[in-house]
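Spelled out from the first residue to the last, the chains are:
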Amino acid sequence: MNNAIFSLKKVSKVFPGVRALDGVDLHLYPGQVTALIGENGAGKSTLVKTMTGIYQPDGGEIIFNGKPVQFHSPHDSHALGITAIHQETVLFDDLTVAENIFLGNYPMTKHFSIDWSTMVTRSQEILSSINAQMDPNQILRELSIGQKHMVGIARALSVDAKVVILDEPTAALSHHEIHELYELVNTLRDQGKAILFITHKFDEIFTLADRYTVFRDGCYVGEGFIKDTNEAQLVEMMVARSIEATYPKKDVEIGETLLEVSNLCHTTEFADISFSLKKGEILGVYGLVGSGRTEVMQALFGTTDHVTGTVKMNGKEVIIHSPKEAIDNGIVYVPEERQKQGIVLELPIYQNVSLPQMERLAKHGQIDEEGEMALARQYCERLQVKASCWDEKVMNLSGGNQQKVVIAKWLATNPKVIILDEPTKGIDIGSKAAVHEFMSELVDSGLSVIMVSSELPEILGMSDRILVMNEGLIVGELSRADATPEKVVSLATGGSVAC
Amino acid sequence: MLKRLIYSREGVLSIIVLAMFFGVGVISPDFISLSNSVSIFNDTSILIMLALGQMLVILTRCIDLSVAANVAFTGMFVAMVNQYFPELHMSLLIFLSLFIGALLGAINGLFVWLLKVPSIVITLGTMSIYRGATFLLSDGAWVNSHQMSESFIGLPRYEILSMPVLGWMAIAAIILFFWAMKFSVWGRNFYSAGGNPMAAFYSGVNVGKVQFYAFLVSGTLSGLCGYLWVSRFAVAYVDVANGFELQVIAACVIGGVSIVGGLGTVVGCVIGALFIGVVNNALPIIGVSPFWQMAISGLVIIIAVIANATSDKDKARIILRNPNANDEIRAN
Amino acid sequence: MDTTIKKSATPDSMFTSKLQGLLRWESFLVLIVFLVCVMNSYLSPYFLDPWNLSDATFNFTEKALIALPMAMLIIAKEIDISVAAIISLSSTLMGLVAQMGAPVYVVAFVGVLAGAACGLFNGVLVTRFKIPSIVVTIGTMSLFRGISYILLGDQVVRDYPDGFEFFGQGYVYWVFSFELVLFAFFALVFYWLLHRTTFGRYTYAIGNNPTASYYSGIKVDKHRLILFTLVGVMSGVASVLLTSRLGSTRPSIAMGWELSIITMVVLGGVSILGGSGTIAGVVLAVILMGLVTFGMGLLNIPGIVMTIIVGVMLITVVSLPVLITLYKNKKAKAL
């Protein structure tokens, strides 16, 4: 334990209403890969931001090379050789690839000026060392998501790093790219760097990692050597309960075809999307980040321009060019980016719930506050939203309760199809279970659900049927009985069902 | 490479400016003579310098509406110092103008940096404060040419290689900016802080401080231009450069500096300013009343931002890995 | 009856939130207005004369008429700094039709219509091309006033028909001028519009989160377009009043008014970042600024000093809440 190069001891981080990290420990060793394992919301991303000086911890100690250190800004941690590849790409769209790699650490000539030619040649070297084929002079905006990710990795390698943090690096990569990344991690390990690898994919943990640390709900659960453990043990540490119980999927009688989408196309984002949805069905849509699944759902909801193809509800063609038309046709969308797209944080709960149907509730254009309140009371109670009063601002609620308000808002419009995009992303386990339970109730009461998710257990546990998307196309359809984690992942990463 | 140059905003804009320039030359050959070209450049020098300062501010997602008021205040201040202490050396006066300008710019910058107050509100406020302070300073009186010393008026007019010092100052500013914005970390920080403030923060760039520097530079240049303006027109009064901030912003917007930050070049900015300079100088020659000037710059701002907005839209991200689409990308 | 109602676990609203409502910015403004009144009457015995007070209203009613829709526009996260230029263009067009011998009502109608057209133009540019409203209106500010200059040059138009002076100089009853009554009327209309209608609610929703509002089925762009047009219409109305009061038009009319109008709105507690604010606050701020100007007039302080005070007020009002939060955070950390 003494030779750890980088340690966190009893580190805490508190946000208003959330204890994101609660006295966690973590140790990284030179020449070893430590996997940090935990569900969404376990505090992994907060930890990365604390380690890189983006957040300042509210308690505990950070120890580097045996000495306690304090990071006042990302610059401080950078200076010690701690570099991170963040989950969201933190790059500059309008700058060149080379500059993105060296920003914050420009090579300089003797005359105090930036040495652009060295920058380009060194970028070329780094990029070819990770097998990324691109021109360092290209503007980042012109690259694909996968390529941008490689730039992010190249950026982390541009400095003489002692500690490399990879925050879910494979989420947006194709099968082929993932294997190249593995090799890269192995090279880094051989160079003696301490590596923190954050993931929730078990195959990655067992191929790559030497050690593991497990977090749950912002708390440290345990650590050890990978060779001394197995998957079942890790799962148990991660969730502390069996998986089956989490997915209360009820068997519901599936009715007539309700929604029929055929040949939906977009110029750059997706093509030839055809599927149908039956009454009482939960249709799971799986795909990697950037596979076009959210774009398809948003097109269905009318927020995207330049879409061709037909959408039929109950056999009749409907034209949807705006959310208003989608709502009028009984299609509602619970977005992935809840706080940005789903809800108006600064408005009270009841006003959020009534927002899509203000006009129906109003009398001669004048607001009927009593009616709004009654609506909010009815649906928020049904969803068991926890709040001190219905007049409270949504921003004061926890993530899970905010999500419930979004769902309440849409249920109040009496929809026929409800699209849930990553419905449980970033919410605590308790609320997660409540959302899943509620999904079951929804289909029981005759609604149809489309659920987009990148969490395999959720997709497998809740869906009646699964569509898999890759690079803007539907690459497979699996029934609940046929679907296995291997099949789904293989399809999503560009393989075929056979393997 | 050549194709890329021609299709770039700077390329298109240069062609338009040159076309305008020679177009007017067809009507009046004197317009394109070397001496007149130098004089157009000289006339535009102040606009160029202010636009370069404003570019830094706009790059960091802010805006500085107080530049013209800063010009008026600093101009009045140095003019009055010159009036009462005519024996004071010019280098001291220039230093003074830089210092006062920097101070006024720093006030804007500090509010934006430390309090994170929207720059439009702060500079809208300081715009009227600085202008009002000019009135308080001068008590509404004018400082006329006969109250200024000879060297005070003569300096920007002094010709080196048949170009006045004023023009050389603009050239120096352009060269300095060109180097700083391309080859200094300090200059590149404006692009990163404005292009993606969050990512810039992750990379160890102090975004607020960069914004402060932008206002500081914009203020310093405004201070210098305050002296140059007053000296060039040989008069200082409260309404000096009234509304000029709009022309400065127009020069930036026309030159392709994106109002949402992070995008813009020194070359574009200078051509944007020259565009306005050529238009202003050409109007009397082609027989259009100077009253058209304001409407034209308004129209040009609108057209330029529309052009910016439409060209941004084409750069959508791409998910489909469709061979045709890829070919198109390669072709570009 | 009461006993049959099912008791809900969560109340509709809470007493503390109602109490907080009383401690708002508006209450603070009422206090300041009161203090300024006391100070003014102490400074000058002429202050409390009803005719003097009535005269004092003329220096803010026109700006205040624009401040009302501007408050809604800023709440919706947009801004229009071309309003003074709209006044100029609208006044110029009125002058031109007046010169052609148009009757009073046609002249006034042209003024309002011109304002509406300018506002619509701003709105179309903002919504159609997705350009930030600040840039659009910087451009149209120079365009609209520029057109005035093209049309009038250094001319001054004075040939307004008889009866036109009523809008800016007439009295409806006793000391109540037409301008004041019109402002009171529109203050009520905008109060109703912002606080009592779906349109007002949408304004708040869009100002706080335009994306979520769009995803909730609100036609955000149409809403913005209406708001810009509304600002244009009211600028047209203000132009009619101002032109009638001055009895003349020149292109430089209402120069710099956008600043005082935006200051009124921000001083009234409307967040410059959008999403919050009330009409009551704006009306109070309008009265406050009117009283301060009036008081300074009584003390013979020149008008340009007022612009300094307006600038300082603007900066103070936006900085103060930030400073207070910073101070609170520091205190919380120290504990």
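Thresholds applied
- Residues numbered from 1 in each chain as written.
- Chains lettered and ligands numbered in written order.
- Predicted model: local features only at pLDDT ≥ 70, side-chain atom pairs only at ≥ 80, totals over all residues.
- Helix = DSSP H or I, 4+ residues; strand = E, 2+ residues; numbered from the N terminus.
- Rg over C-alpha atoms; globule rule 2.2 N^0.38 Å.
- Buried ≥ 20, exposed ≤ 12 C-beta atoms within 10 Å, placed from the backbone.
- Contact = placed C-beta atoms within 7 Å.
- Axes fitted to C-alpha atoms, helices over the stretch in contact; angles between N-to-C directions.
- Parallel < 35°, antiparallel > 145°, perpendicular 65-115°, else oblique.
- Nonpolar A, V, L, I, M, F, W, Y, C, P; charged D, E, K, R; others polar.
- Expected span 1.5 Å × (residues − 1).
- UniProt positions renumbered as here; feature names shortened; annotations may be inferred.
- pLDDT = per-residue confidence, 0-100.
- Pairing = 2+ DSSP bridges.
- Arc of directions from axis to C-beta.

Undergrad: Before we go on, may I ask you to explain the overall build of chain B in this structure?
TA: A count of helices and strands for chain B gives 15 helices and four strands. Its C-alpha atoms give chain B a radius of gyration of 21 Å, within 12% of the compact-globule value 20 Å for 332 residues. Structurally, chain B occupies a C-alpha span of about 75 × 55 × 35 Å along its principal axes. In chain B, which comprises 332 residues, the share counted as buried stands at 52%.

Undergrad: What is the right way to read the overall build of chain C from this model?
TA: A tally of helices and strands in chain C yields 14 helices and two strands. Expressed along its principal axes, the backbone C-alpha trace of chain C runs to roughly 70 × 55 × 50 Å. Taking all 335 residues of chain C together, the buried fraction comes to 50%. Partitioning the contacts of chain C with sequence separation of at least 6, the portion at a separation of at least 24 is 81%.

Undergrad: Could you clarify how one ought to interpret the interface of chain A and chain C in this entry?
TA: Often, the extent of an interface is quoted as the loss of accessible area upon association of its parts. Residue-level contacts link 31 residues of chain A with 25 residues of chain C. Elements represented by at least two residues in the side of chain A that touches chain C include exactly helix H10 (323-328), helix H11 (338-342), helix H13 (358-361) and helix H14 (369-382) of chain A.

Undergrad: Whenever I open this one, the packing of helix H4 (residues 83-99) of chain C against helix H12 (residues 257-267) of chain C confuses me. Can you help?
TA: Packed helices, taken two at a time, are described by the angle between their axes plus the distance between the axes. All names here are of chain C. Where H4 contacts H12, the two axes come as close as 7 Å, and the packing angle between them is 130 degrees. Between H4 and H12, the angle falls in the class oblique. In this structure, H4 uses Val83, Ala84 and Ile87 to contact H12, whose residues at the interface are Trp257, Glu258 and Ile261. The residue inventory of the contact of H4 with H12, partitioned by class, reads five nonpolar, no polar and one charged.

Undergrad: Would you mind going over H4(C) with me for this structure?
TA: Each full turn of the α-helix corresponds to 3.6 residues, which orients residues three or four apart in the same direction. All names here are of chain C. With 17 residues, H4 should cover 24 Å at 1.5 Å per step; its first-to-last C-alpha distance of 24 Å lies within 8% of that length. A large share of H4 lies buried, amounting to 14 of its 17 residues. Backbone geometry just downstream of H4 places Gly101 in the positive-phi region, at approximately 90 degrees.

Undergrad: Whenever I open this one, unusual backbone geometry confuses me. Can you help?
TA: In most cases, non-glycine residues show a negative phi, while peptide bonds are predominantly trans. All names here are of chain A. In this structure, Phe112 is a non-glycine residue whose phi angle is positive, near 55 degrees. Note that Phe112 resides in the loop between helix H3 (97-102) and helix H4 (116-129). Judged by the 10 C-beta atoms lying within 10 Å of it, Phe112 is exposed. Of note, the phi angle at Asn263 is positive, near 55 degrees, even though the residue is not glycine. One can find Asn263 in strand S11 (residues 257-266).

Undergrad: Would you take a moment to explain the UniProt feature "transmembrane region" (unreviewed entry) in chain C for this structure?
TA: The UniProt entry lists residues 21-44, 104-126, 133-151, 171-194, 225-242, 254-273, 280-298 and 304-327 of chain C under the feature "transmembrane region" (unreviewed entry), expressed in the numbering used here. The span residues 280-298 of chain C is 100% helical and 0% strand by assignment, and the distance between its end C-alpha atoms comes to 27 Å.

Undergrad: Is there a simple way to think about the interface of chain C and chain B in this case?
TA: If you look at the interface, chain C gives 38 residues, while chain B gives 36 residues. Elements supplying a minimum of two residues to the side of chain C that touches chain B: helix H5 (104-129), helix H6 (133-152), H12 and helix H14 (303-334) of chain C. Here the element with the most residues in the side of chain C that touches chain B is H6(C); it accounts for 14 residues. Looking at side-chain class alone, the side of chain C that touches chain B contains 28 nonpolar, eight polar and two charged residues.

Undergrad: Whenever I open this one, the confidence of the model for chain B confuses me. Can you help?
TA: Across chain B, pLDDT averages 88, with 91% of residues at or above 70. Overall, residues 322-332 of chain B carries pLDDT values under 50, and its contacts beyond four positions in sequence, including any with other chains, amount to four contacts.

Undergrad: Would you mind going over the sheet that holds strand S14 (residues 307-313) of chain A with me for this structure?
TA: Whether parallel or antiparallel, the strands of a sheet pair through hydrogen bonds between backbone atoms. All names here are of chain A. Taken together, the four strands give an open sheet; going across it, the order is S12-S11-S14-S15, and neighbouring strands pair in antiparallel fashion. Looking along the sheet, the strands with just one partner apiece sit at the ends: strand S12 (273-278) and strand S15 (316-318). Strand-to-strand twist of the sheet, defined as the mean angle between neighbouring strand axes without regard to direction, takes the value 20 degrees. Here five bridges tie S11 to S12, and the two strands are oriented antiparallel to one another. The residue of S12 that forms the bridge with Thr257 is Lys278. Packed onto the sheet, helix H9 (residues 293-300) meets S11, S12 and S14 and runs at close to 115 degrees relative to S11.

Undergrad: Can you help me understand the packing of helix H8 (residues 178-196) of chain C against helix H9 (residues 198-208) of chain C in this one?
TA: Residues and elements named next belong to chain C. H9 packs onto H8 with a crossing angle of 65 degrees between their chain directions and a minimal axis gap of 5 Å. In this structure, H8 contributes Leu193, Leu194, His195 and Arg196 to the contact, and H9 contributes Phe199, Gly200 and Thr203. Residues of the contact of H8 with H9, tallied by class, amount to three nonpolar, three polar and one charged.

Undergrad: What exactly am I supposed to notice about H4(A) here?
TA: All names here are of chain A. Here H4 contains 14 residues, and its C-alpha end-to-end distance of 20 Å stays within 8% of the 20 Å for a straight helix at 1.5 Å per residue. What H4 keeps buried is the set Met119, Val120, Ser123, Ile126 and Leu127. The buried residues of H4 occupy an angular sector of 130 degrees when the element is viewed end-on, so they sit on one face. Along H4, exposed side chains directed more than 90 degrees from the buried face belong to Ser117, Glu125, Ser128 and Ser129. Within two residues after H4, Asn131 carries a phi angle of roughly 60 degrees, on the positive side.

Undergrad: What exactly am I supposed to notice about the UniProt feature "transmembrane region" (unreviewed entry) in chain B here?
TA: UniProt annotation of "transmembrane region" (unreviewed entry) refers to residues 12-34, 40-60, 67-85, 91-115, 160-181, 210-230, 251-279 and 291-311 of chain B when read in the numbering used here. Between the end C-alpha atoms of residues 160-181 of chain B there is a gap of 27 Å, over a span that is 77% helix and 14% strand.

Undergrad: Please clarify how the confidence of the model for chain C should be interpreted in this entry.
TA: A low pLDDT score tells you not to read the predicted coordinates there in detail. All names here are of chain C. Taken residue by residue, chain C gives an average pLDDT of 88. The fraction at 70 or more is 93%. Below pLDDT 50 for its whole length, residues 1-7 participates in zero contacts with residues either more than four positions away or in separate chains. For this predicted complex, the interface confidence comes out at an ipTM of 0.84, alongside a pTM of 0.85.

Undergrad: Please clarify how the sheet that holds strand S10 (residues 219-225) of chain A should be interpreted in this entry.
TA: Residue and element names in this part refer to chain A. Strand order in this open sheet of six strands is S6-S7-S8-S3-S9-S10, and the pairing throughout is mixed. On the outer flanks of this sheet lie strand S6 (82-85) and S10, each paired with one strand and no other. If you compare each strand with its neighbour and ignore which way they point, the axes differ by 15 degrees on average. Strand direction decides the pairing type here: strand S9 (residues 211-216) and S10, joined by six bridges, are antiparallel. Across the sheet, the residue bridging to Arg216 is Cys219, located in S10.

Undergrad: Which parts of the structure should I look at to understand the pairing of strand S7 (residues 163-167) of chain A?
TA: Every regular strand shows the same layout, with side chains that alternate between the two sheet faces. All names here are of chain A. In terms of burial, S7 is a largely internal element, five of the five residues being buried. Side chains Val163, Ile165 and Asp167 of S7 all project onto a buried face; the interleaved residues Val164 and Leu166 project onto the opposite face, where all are buried too. Sheet topology places S6 next to S7; four bridges connect them, and they run parallel. Paired with Ile85 across the bridge in S7 is Leu166.

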